[in-house]
Amino acid sequence: MAVGGAYFVLIVEVPEGRRTVTNAIVYERGLTGWAPQRVIRGAGRVVPVRKSEIVFARTAGRAQSISYLDLARPDMPETEIRRVPGRVGSLLWRPDEEALLLTFQPPDGTSSEMPGALRTTKANFSLADTGELWRVATLSLDGSFREERCPPALTGEMTWAEGGRMAGGIAREERGGVQRYGLAVWGPGEGPVEEVWLDGCDLSGPLTSPGGRSVALVASSGGFGPDHLEHHPYVLDLVELTLRPVPTDREVWAVPQCWLSDTRLLATSERGSVRTLQVCDLSDGTWSERDTGSSVLSVSATGADRVVAIHSGVGTPPYLTAGDLDGPYEERVESSAPVAGLTGRLERHRVVLGEVPMGYALCLPPRGVRARGLIAMFHGGPTMSWCDWSWRWNPWPFTRLGFTVALVEPPMSSGYGTANMAAGWRAWRSGIGAGAVALVEEIRTRHGLAGVPLLAMGGSFGGYLALHTACELDVRLAVAHASPLDLSGVAYGSAALWSWVREYGHPLHEGPLYAGQSVRPERVRPGTRVLLSHGMADHLVPYTESVRAHRILVREGVDSELVLFRDEGHALRQPGVVADWYRWTARACLEAAATTPGQDRFSSVDMGSD
């Protein structure tokens, strides 16, 4: 997050024992370049408010503490402005009123819509299927707090508009259970609430231009039917309330990240397995691409032509740069600490199978080391790709043990165009799964790996593909974390039911389609060992899905192990838990690749430093 031209703030998660804390590191530009100025412990959100001033939020019990700091005065202590009860969603500065605009949820989830008999209970009252209740408030730097009127069914996304108005994401349920997302624009008085919808699309990610006249949005098309998912950038004129598309290559999903000026927009887009920077001049609709050498994780503008960005790659841990979009770009500011055991070689490959473009990254052991097995690692999503460094699903601990790891990008992986996306839409098993299996076979043949043991792993949708592969090929070990297998059952129990309905229709009416694209654990081939894990606080895929799969596998005589993590959600985030998961999985990989049948299971595995 840039603060004027002399400062920027980096949010980092720092391991402390088996957990993490979130800190903000402030960097200042001096005569010799950028250097850390101070660390703000516990700050998870930072907002620039003036040239050198920031506001930040940190958790304080069941509230969020909002505090102020002037970075130009290093001897000045932070000042708490106010504590906001519950959880803060959006937090932004509106320069026209010199105040903060925020969305928040009270800790008890109550609202004016709560039925009277339940108003004092610790219950969440849902408006249809939107699932969450958000309020809107204006907070001045002197601590005065004014709750604003707001439309129902806010999503929590918020931005500001000129003339004292606000704009926030809203949701509505349409016929058939399809949930759509739009934008509401309203003022603080009793005037009308204007709603903006785009037929067949969901609007999200609002970003207000510096002058407050325009909002950049992402329009996600696709719904129940033949049309697959696409992302398109749009600009909303806040005075005329008209939406217009930003011309772009349909094969490249450009996602707005920030404004450089009132007429220049900075976006990211994926091409293959690299996320690049794109600059759009809205005055003539032209785009220019900036080659940054590696994928861009996030970016923030420090001026009309200067940005700070976080980069990474499959073989490159995150690093921070500052640069000029119109001149020499990269000035490396900070890099991740060296990663112990980061050994091996990386190759990128693109292929076309059945007229569908796909790709994969091959992570190889050091030269001269014969692969003891091939691990097919699948990403989640399914609309994702292997373009970033991942601490959670990382191939290099396994190459260190002598495995070749293929990071598979099957149909519906982002960055491969409309043909790739269309091949998997509404066809997770018959389209994506079939393509994934074909790609794994292509990798084995092309790289001489058909004779080594095959293993498969992934999280969420990646685990779905790992178990599907174990149904179709002779897989020695399948590792699946928090994986949706029975699609109808998962959809009903998921907080993201709207996402399932958007693609497959409502499970009440489209049961056969859901069933046909589900993975049936009883079809896992004999001889496969399975490791299942799940966080019990998962609100996207109920943990009982892994319990169900484990019981079916055991009934069928499959060697299945199940681990449940009481304090984890959909993804494992606690460093100690992640380290334990790697050791458990690595030991099973070595056992699966053992050449001697019945070889004793390994009692310990050297995975290097945590």
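It should be noted that the structure appears before, not after, this text.
Residues numbered from 1 in each chain as written. Predicted model: local features only at pLDDT ≥ 70, side-chain atom pairs only at ≥ 80, totals over all residues. Heavy atoms only, no water.

### Quick look at the pattern of salt bridges
- In this structure the tally under the stated criterion is 22 salt bridges.
- Here Arg-50 ties to Glu-98 by a salt bridge, and the two come within 2.9 Å at their closest N and O atoms. Taken together, the residues span a long stretch of sequence, with Arg-50 in the loop between β5 (43–48) and β6 (53–60) and Glu-98 in the loop between β9 (87–94) and β10 (99–105) at a distance of 48 residues.
- Each of Arg-50, Glu-53 and Glu-98 takes part in salt bridges that share partners, so that together they form one network. (Salt bridge = Lys/Arg side-chain N within 4 Å of Asp/Glu carboxyl O. Helix = DSSP H or I, 4+ residues; strand = E, 2+ residues; numbered from the N terminus.)

### Let's talk about unusual backbone geometry
- Gly-381 connects to Pro-382 through a cis peptide bond whose omega is 15 degrees.
- Within the secondary structure layout, Pro-382 lies in the loop between β31 (374–378) and α1 (396–399).
- Here the phi dihedral of Met-412 falls at roughly 75 degrees; this positive angle occurs in a residue that is not glycine.
- With respect to the secondary-structure elements, Met-412 resides in the loop between β32 (404–409) and α2 (417–424).
- Judged by relative accessible area, Met-412 falls into the buried class, the value being 1%. (Buried < 20%, exposed > 50% of the residue type's maximum accessible area, 1.4 Å probe, protein only.)

### Digging into the sheet that holds β10
- Within the open sheet, the four strands sit side by side as β9-β10-β11-β12. Their pairing is antiparallel. Edge positions in the sheet fall to β9 and β12 (145–148), since each has one partner strand and no second. Going across the sheet, the axis of each strand differs from the next one's by a mean of 25 degrees, ignoring polarity.
- Where strand β11 (residues 135–139) and β12 come together, four bridges link them in antiparallel fashion. Bridge assignment links Leu-139 to a residue of β12, and that residue is Phe-145. (Pairing = 2+ DSSP bridges. Axes fitted to C-alpha atoms, helices over the stretch in contact; angles between N-to-C directions.)

### A closer look at the environment of Ser-294
- Tracing the backbone shows Ser-294 in the loop between β24 (286–290) and β25 (295–301).
- Considered as a pair, Ser-294 and Ile-310 are 16 residues apart in the sequence and their alpha carbons are 9.7 Å apart.
- Other than its neighbours up to four places away in sequence, Ser-294 contacts Val-274, Arg-275, His-311, Ser-312 and Tyr-319. (Contact = heavy atoms within 4.5 Å.)

### Remarks on the packing of aromatic side chains
- Taken as a whole and judged by the stated rule, the model has 14 aromatic pairs.
- Ring geometry for Trp-389 and Trp-391: centres 5.3 Å apart, planes at 75 degrees, overall edge-to-face.
- Residue classification places Trp-389 among the buried positions, given a relative accessible area of 7%.
- A ring pair is formed by Phe-461 and Tyr-464, whose centres lie 5.2 Å apart and whose planes are at 20 degrees; its orientation type is stacked. In this pair, Phe-461 and Tyr-464 are both assigned in helix α4 (residues 461–472), three residues apart and thus about one turn of the helix distant. Of the two residues examined, Phe-461 and Tyr-464, each falls in the buried class.
- An aromatic cluster is built from Trp-428, Phe-461, Tyr-464, Trp-500, Tyr-504 and Tyr-514, whose rings are joined through pairwise contacts.
- In this structure, Arg-372 is placed above the aromatic ring of Phe-403, and the distance from its NZ or CZ to the ring centre is 5.9 Å.
- Sitting over the ring of Trp-581, Arg-392 keeps its end group 4.1 Å from the ring centre. (Phe/Tyr/Trp six-rings, centres within 6.5 Å; stacked < 30°, edge-to-face > 60°. Lys NZ or Arg CZ within 6 Å of the ring centre and 35° of its normal.)

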